[in-house]
Amino acid sequence: MIRDFFQKIISHKYLFLFGLFLLLGTSLLGLNNFRFDASSETLVLDSDADYQIYNQINDEFGTSEYVILAIKNDQMFSQETLIQLKAIQDKLLALEVVSDVVSILDAPIFEQPKVSLIKSADNDKYLLIDKLDLDKAKHELSTSPIFNELVISKNGEVTAMQINLYDRDDYSQAVAEIRAIINSNQTFEMHLAGPAMIVVDTIDFIKADVNTFGTLTVIIFFILLTLFFRDLWSVSVVILNAGLVMLFTMGILGLFDWPISIVSSNFLALLLIASIAISIHILVKVQDGIEEGITNAESFSKIITPCFYAALTTAVGFLSLILSDIKPVIDFGKMMAVGVCLNFFVSFIFIPCALAIRNITANKNKSLVPFFYNNIYLTGRSLIRKFYLPILLISFPLFFYFSSNLKVENKFIDYFNENTEIYQGMSLIDDKLGGTTPIEVILELPEEEFYIDEDDLFFSEGSETVTYWWREKNMDILEEIQEGLTEFDALGKALSLVNGVQLAERLNDGNEIGDLELAFVKNSLIESEKAKDLLNEFISEDERSARITIRTIDSFDGINRNQLLLDVDNFLSETLSDTDVIYTVSGLGVLYNNLLQSLFSSQIKTISLVFAAIFLMLLVLFRSFLNALFIIVVPAFSVGVVLSLMSIFNIPLDIMTITIASISVGMSVDYSIHFAWRYLQERKKSQENSEKETIYSTGRAILITGLTIIVGFLIFMFSNFNPTVLFGIFSALAIYISMVMSFRFLPALLDLNFK
């Protein structure tokens, strides 16, 4: 029946091609909507309770997304340079997405001349507005409790602009517009950083790698396949089929509005692998059929079963990722499942039609498999046959041990080479401007009733009484917390109401201030609207809740975010144990850490489910518990090697490497199914020749596919984006291990079921 179906496809090839291209054309309607998602929300857990708290805090304190623009110039505090700085600030403010820009031009100068605290309210001056001694202004700002490491480094060599942005789902356009202003500048050395920029730049690096290395990989695939097949039509069919599959899938994803995120960035490369693999298996089977004198329809009917189960097990394996807690991982699983299914459908329509128009020739490369079999495979065969069980029994406990010691961390700066602009910018901002990723500490006081005695001789209409955090005893608590947080090596610039109070104490000749002076600071000291807005971000409207923001130094050597947050929590718990202050730790730093910590549990859960799902599929296909168990050893061994090497070489499990294990399974299960399917058929015919016949048929397809993909993906080692390098290395390694396991260990294991 299956043969008859393929015979109909061959007989009505143009009709089926028309139908296929009609479906392709329909799917391409969504191609314009196919995109990369550069929103930072792809790096948080949707179900994370801290995410809800984070949003509530933003609503209460009015926080916006921002990026930091670091600026270097030897003559920063000269009138001419400040004018040029003002021009850049004005250009940034003119951007539609920019809500506000804070720079040294907005920082009040109080010490020219220095007057008493009470008189300071009328003594604020500003660069470019008032006549100032610029050297003294530089010293005052670079030592200011508020503005040092916020808009200027402690040594005054680097200044910064905090560019506040309106809410957007995607900040790629905003970052591009800011970068255009940076690139048009000829005066300053500028570097951009901040959470929004990190995500956008990561996506941009991925896009660049897809375009550059994707094109190189296709070219290398074409050259290698030409060498292996020695027939341009065969190679053209493989490449054309891969192109159709990828266009089809991209269109479908666009129609369903499934954007590619950082986590699913390797989706297209994996789809290319899957498409080339199934195409080669089909063409090799057709070549074998030509030599055996059977029709193409018969060959298609024989190869479709192992291809179907390989596709089904791979799709089910990836689909099990939907049980993860991480939305980008869930989306990646759905994308791969859809891609694998479309790959199977398109391949078994397009390739039969293409070969019906022009058939391929019989195998012209007669030297590849004999060379491999006689000079490589037979070498060491007896040794493997003797020790394969001890090797497996020793390896899997070691894999379990090393995999359980995987680190979970996420240093975005390590994604990039040291010579890249983004690395240098993030490093500069971490070193000179107090860090990158913010952590927020919210301190809440219990509600109190305040009684104003109108008979008080000092009472007057409009007078304000200091409440909650503006009272001296509570401000002391806030200051103790902030000073304690700055003691952590991995934490940089801290900012809260305390910084305003420290500025007041500095103006008060270093003397501590009480409730009266605090009322003055609250109501009169800061007249600048931007400065007021800056401080108002650190206290709620009812003044019960105060916020401390402190930035993580992401480039800090040996940073452990989870331990850092645990230490911060312990510090807060101990310090506030004798008070009635309630604290909450939030911010992007907390959300990223929650995501990272969920990666390990998600990895264990999803990999377990992937193997369980694949095992059930193998059980149905081979109808043997032992055969299914032996076949799943191949992907399990491949994953074990990859995860163990990651552990040994201290490669952390993060949002980019989380998918490597699933990728290893998806690629290696294909080889094991095809090899086992053919081997079991040959084993029933002859015990002596089963290995040789399998290697000369299915083994040839595995060799061509594996060697082509290994060489192609090793090209990714030359990327400037380290996750792409790791993807190329570990993909090539997983394929190599799968080939070795399929050729060396699988026959020995399957033979156990014949004894």
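Residues numbered from 1 in each chain as written. Predicted model: local features only at pLDDT ≥ 70, side-chain atom pairs only at ≥ 80, totals over all residues. Heavy atoms only, no water.

Peer 1: Which residues make up the packing of helix α13 (residues 368-377) against helix α26 (residues 722-751), and what are the values?
Peer 2: Packing of α13 against α26 leaves a shortest axis separation of 13 Å and a crossing angle of 70°. Our classification of the angle between α13 and α26 gives roughly perpendicular. Contacts from F372, I376 and Y377 in α13 reach F743, R744 and P747 in α26. Grouping the constituent residues of the contact of α13 with α26 by class yields five nonpolar, no polar and one charged. (Axes fitted to C-alpha atoms, helices over the stretch in contact; angles between N-to-C directions. Helix = DSSP H or I, 4+ residues; strand = E, 2+ residues; numbered from the N terminus. Parallel < 35°, antiparallel > 145°, perpendicular 65-115°, else oblique. Contact = heavy atoms within 4.5 Å. Nonpolar A, V, L, I, M, F, W, Y, C, P; charged D, E, K, R; others polar.)

Peer 1: Report on the pattern of salt bridges, specifying residues and quantitative values.
Peer 2: Between side chains of opposite charge, a pair can form as their charged atoms come close. As enumerated under the stated definition, the model contains 17 salt bridges in all. For R3, the salt bridge goes to E298, with nearest N and O atoms at 3.0 Å. Of the two residues, R3 sits in helix α1 (residues 2-11) while E298 sits in helix α11 (residues 296-319), which places them 295 residues apart along the sequence. With its nearest N and O atoms 3.5 Å apart, the salt bridge here joins K114 to D509. Here D509 lies in the loop between α17 (497-507) and α18 (515-525) and K114 lies in the loop between β2 (98-102) and α5 (117-120), a separation of 395 residues in the sequence. Its relative accessible area of 42% is what places K114 among the partly exposed residues. With a relative accessible area of 60%, D509 lands in the exposed category. A cluster of three or more residues bridged by salt bridges with shared partners is formed by R381, R385, R683, E691 and D751. (Salt bridge = Lys/Arg side-chain N within 4 Å of Asp/Glu carboxyl O. Buried < 20%, exposed > 50% of the residue type's maximum accessible area, 1.4 Å probe, protein only.)

Peer 1: Go over unusual backbone geometry with me, naming the residues and quoting the values.
Peer 2: Look at the link from Q112 to P113: it is a cis peptide, with omega at -5°. Residue placement: P113 occurs in the loop between β2 and α5. One non-glycine residue, D257, adopts positive backbone phi at about 55°. Backbone geometry at D509 places phi at a positive 60°, although glycine is not the residue there.

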